[in-house]
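Breakdown of the fold
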Amino acid sequence: DLHSILRLCELFESYQHFFQVGQQWFASQHSIFQEWKIRYQHGLNETEEQLRLQKFFGSSTQVFGAPLADTVTRERSEIPLFLKSCFDSILSNVKVEGIYRISASKEEVDSFKRQIDNGRTSFANGMDIHIASNLVKLYLRELPEPLLTFDLFDKFCKIEEINTPEQQVKQLSVLLKQLPKHNYNLLKALMKILSVISANYQVN
């Protein structure tokens, strides 16, 4: 009918305007993109580049206290990149005593936290294992939503009330499939680390 045709025309006009504005914006930023390309070719410092991107796009590099999905989407990774460095440090030192029991210096942990929230994603020279484990615990504690999510948290807790191990495993499998992809990926990585630590329980 006439109303549907008019509505369709309005939609086409809206899309045309959107793409025209986008094209104009990219054209106006051409010189900036060229500058980035040149700087990348000359090995611009990673931290400086991150600050430039943040200023230009107005996006935050905050990791601690930020939604997990926001972080992994921005970093284009399965889990937050700094956690990969933490997990690598832990896996390289699984026989160190008290990996998750011994606290690291609060000043050092806070320093690494600030660096991570300012855009640093890796630590080429590694880090003290107790700092790494404290950062992992701090990150999980500051997530705005539990890793197991608000919707499923109580259901996970009630698994222990199930009588048989077989039914517990079955229910756990059902709940894991309901987790958001990013939460599942991080939980999987975390369970792998804890499994290795548990296998070395006599020394750590």
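Think of each chain on its own: its residues are numbered from 1, step by step along the sequence as written. Given that the model is predicted, a residue must reach a pLDDT of at least 70 before its local features are reported, and side-chain atom pairs must reach 80 or more before they are shown or counted; all residues, however, enter totals for whole chains, interfaces and linings. Hydrogens and water are ignored here; the side-chain numbers use all heavy atoms of the structure.

**With respect to the nonpolar core**
We count it as follows: Among buried residues, the Ala, Val, Leu, Ile, Met, Phe, Trp, Tyr and Cys ones that are joined through side-chain atoms within 4.5 Å form a nonpolar core. Accessible area is worked out with a 1.4 Å probe on protein chains only. A residue is then buried under 20% of its type maximum, exposed over 50%, and partly exposed in between. Put simply, DSSP H or I for four residues or longer makes a helix, DSSP E for two residues or longer makes a strand, and each gets a number counted from the N terminus. Any two residues having at least one pair of non-hydrogen atoms within 4.5 Å are treated as being in contact.
Judged by nonpolar contacts, the single largest core of 37 residues is most densely connected at Phe82, Phe87, Ile90, Leu135 and Tyr139. Among the elements of the structure, helix H4 (68-75), helix H5 (81-91), helix H6 (106-117), helix H7 (129-142), helix H8 (150-157) and helix H10 (181-199) are those that each provide at least two residues to this core. Apart from the residues within four sequence positions on either side, Tyr139 is in contact with Val63, Phe64, Leu68, Pro80, Phe82, Leu83 and Leu186.

**So, H10**
How we decide: Helices are assigned an expected span. That span is 1.5 Å times one less than the residue count.
Over its 19 residues, H10 runs 27 Å from end to end, which matches the ideal 27 Å to within 8%, given 1.5 Å per residue. Residues of H10 that are buried make contact with H4, H5, H7 and helix H9 (165-176).

**Digging into the pattern of salt bridges**
This is how it is decided: We define a salt bridge as a contact between a side-chain nitrogen of Lys or Arg and a carboxyl oxygen of Asp or Glu at a distance within 4 Å.
Under the defined criterion, the tally for this structure stands at two salt bridges. The closest approach of N and O atoms between Asp110 and Lys106, which form a salt bridge, is 2.7 Å. Of this pair, Asp110 and Lys106 both sit in helix H6, four residues apart, which is roughly one turn of that helix. Taking relative accessible area as the criterion, Lys106 reaches 56% and is therefore assigned exposed. Ionic pairing is found between Glu142 and Lys113, a salt bridge with its closest N-O pair at 3.0 Å. In this pair, Glu142 is assigned in helix H7 and Lys113 in helix H6, connecting sequence segments 29 residues apart. For Glu142, a relative accessible area of 28% translates into the label partly exposed.

**Regarding the packing of aromatic side chains**
Note the cut-off: Side-chain rings of Phe, Tyr and Trp, where Trp is taken by its six-membered ring, are said to pair if the distance between their centres is within 6.5 Å; with planes under 30 degrees apart they count as stacked, over 60 as edge-to-face, and otherwise as tilted.
A complete count under the given rule lists three aromatic pairs for this structure. A centroid spacing of 5.3 Å and a plane angle of 40° characterise the contact between Phe64 and Phe82, whose relative ring orientation is tilted. Residue Phe64 is found in the loop between helix H3 (46-57) and H4, and its partner Phe82 is found in helix H5; the two are separated by 18 residues along the sequence. No difference in accessibility class separates Phe64 from Phe82, as the two residues are buried. Through a chain of ring-to-ring contacts, the aromatic side chains of Phe64, Phe82 and Tyr139 assemble into a single cluster.

**A closer look at the environment of Leu148**
By the element assignment, Leu148 lies in the loop between H7 and H8. Spatially, the C-alpha atom of Leu148 lies 7.1 Å from that of Asn183, the residues being 35 residues apart in sequence. If we ignore the near neighbours within four places in the chain, the residues touching Leu148 are Phe153, Phe156, Leu179 and Leu187.

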